[in-house]
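# Structural features, examined
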Amino acid sequence: MGLEDIVARVRAAEEKAGRAPGSVRLIAVSKVQPDARVRAALEGGHRVFGENYVQEAAAKWPGFRAGFPGVELHMIGPLQSNKARQAVELFDAIHTLDRMSLARKIAAQIDAQGRAPQLFVQVNTGDEPQKAGILVDELPGFLAECRALGLAPEGLMCIPPEADDPAPHFRLLRDLARDQGLDALSMGMSADFEQAIALGATHVRVGSAIFGARDYS
């Protein structure tokens, strides 16, 4: 596969859905990938990347950013409240706002740093007890509380249950975003990003299909 192939598939999916070219941002998920693979993507001109771990991003990206201007970095993994300062410092977008304690920490850091990443609220569309995310019924109240803190979430994010058809979850997220006046939808990964684009995704998160399998050893 590789980056060029995935970019071509994203553009084809946009066209098939009747959407403007470039309307979907491809987030290349570089977590736990060797620096050589990430550098190759950067040298190929890609600039939008996703990381799951603050500590890994802090070690990896300042150096890459010094050599490759224009990098846009997205936090797509669970975010501990005690990492909020670093996350606001490092990331241009945070896709995993999922509880009020984290919202309060992020709001405080935005005030302190004068820097406001784009925010997505993670929604637990499958009502999975082991998974992070705001429950569907609790979303309006959570957004109201976030806005009362001075935060301005721009979109929603979901990770459908692994065994489910993702399409109903993507439709649900799209409808929730519309109902709440939000424009951005972070949904779709390596196996289903074309389906997500057809259902309104503005951001897709693709890792292994671009970089190859991860080695966690």
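Reference entry: report on the structure contained in this document. Bear in mind the structure is a predicted one, so any value in this text is a computation, not a measurement. (Residues numbered from 1 in each chain as written. Predicted model: local features only at pLDDT ≥ 70, side-chain atom pairs only at ≥ 80, totals over all residues. Heavy atoms only, no water.)

### Observations concerning the overall build of the chain
A count of helical and extended segments in the chain gives 9 helices and 8 strands. By the compact-globule yardstick of 17 Å for 217 residues, the chain fits well, its C-alpha radius of gyration being 17 Å. C-alpha atoms of the chain, sized along the principal axes, occupy 40 × 40 × 35 Å. A total of 217 residues make up the chain; the buried ones form 49% of that total. Counting contacts in the chain only where the partners sit at least 6 residues apart, residues at least 24 apart contribute 58% of the total. Surface accessibility of the chain: about 10,000 Å² in total, with carbon and sulfur atoms responsible for 50%. (Helix = DSSP H or I, 4+ residues; strand = E, 2+ residues; numbered from the N terminus. Rg over C-alpha atoms; globule rule 2.2 N^0.38 Å. Buried < 20%, exposed > 50% of the residue type's maximum accessible area, 1.4 Å probe, protein only. Contact = heavy atoms within 4.5 Å. Areas by Shrake-Rupley, 256 points an atom, 1.4 Å probe, with all protein chains shown as cover.)

### Side note on helix H6 (residues 139-148)
Those residues of H6 not exposed but buried are Leu-139, Phe-142, Leu-143 and Cys-146. For H6, the arc enclosing every buried residue in end-on projection is 100°, short of the 170-degree limit, so these residues lie on one face. Of the surrounding elements, those touching the buried residues of H6 are strand S4 (93-97), helix H5 (100-113), strand S5 (118-122), strand S6 (155-157) and helix H7 (166-179). Gly-150 sits one or two positions beyond H6 and adopts a positive phi of about 95°. (Arc of directions from axis to C-beta.)

### Looking at the packing of helix H2 (residues 35-43) against helix H3 (residues 54-67)
For the pair H2 and H3, interaxial distance at closest approach is 12 Å and the crossing angle is 35°. Relative to H3, H2 is oriented so that their crossing is right-handed. Facing Asp-35, Val-38, Arg-39 and Leu-42 of H2, the residues of H3 in contact are Lys-60, Trp-61 and Phe-64. By residue class, the composition of the contact of H2 with H3 is 4 nonpolar, no polar and 3 charged. (Axes fitted to C-alpha atoms, helices over the stretch in contact; angles between N-to-C directions. Left-handed = near helix turned anticlockwise from the far one by under 90°. Nonpolar A, V, L, I, M, F, W, Y, C, P; charged D, E, K, R; others polar.)

### Overview of the packing of aromatic side chains
Evaluated as defined, the whole model comprises 2 aromatic pairs. Ring geometry for Phe-49 versus Trp-61: centroids 4.9 Å apart, planes at 45°, classification tilted. Of the two residues, Phe-49 is situated in strand S2 (residues 48-51) and Trp-61 in helix H3; the sequence distance between them amounts to 12 residues. Taken individually, Phe-49 and Trp-61 each receive the classification buried, so the pair is uniform in this respect. (Phe/Tyr/Trp six-rings, centres within 6.5 Å; stacked < 30°, edge-to-face > 60°.)

### Regarding the side chain of Ser-186
Relative to the assigned elements, Ser-186 resides in strand S7 (residues 184-186). Side-chain polar atoms of Ser-186 contact the side chain of Arg-205, separated by 2.8 Å. (Polar contact = N/O pair within 3.5 Å; in protein donor to acceptor, adjacent residues only side chain to side chain.)

### Thoughts on the environment of Lys-131
Structurally, Lys-131 is set in the loop between S5 and H6. For Lys-131, a relative accessible area of 22% corresponds to the partly exposed category. Ignoring anything within four residues of it in the chain, the contact list for Lys-131 reads Asn-124, Ile-159, Pro-160 and Pro-161. Looking at Lys-131, its side chain comes within polar contact range of the main-chain oxygen of Pro-160, at 3.5 Å.

### Some points on the pairing of strand S8 (residues 203-206)
Here S8 shows two buried faces, one formed by His-203 and Arg-205 and the other by Val-204 and Val-206. Of the pairings in the sheet, the one linking strand S1 (residues 25-29) to S8 comprises 4 bridges and is parallel in character. Counterpart to Ile-27 in the pairing with S8 is Arg-205. (Pairing = 2+ DSSP bridges.)

### With respect to unusual backbone geometry
At Val-32, a position not held by glycine, the phi torsion is positive, near 55°. Take Val-32: it is sitting in the loop between S1 and H2. Backbone geometry places Asp-127, a non-glycine residue, at a positive phi of 50°. Note on placement: Asp-127 falls in the loop between S5 and H6. Take Asp-127: its relative accessible area is 55%, and that puts it in the exposed class.

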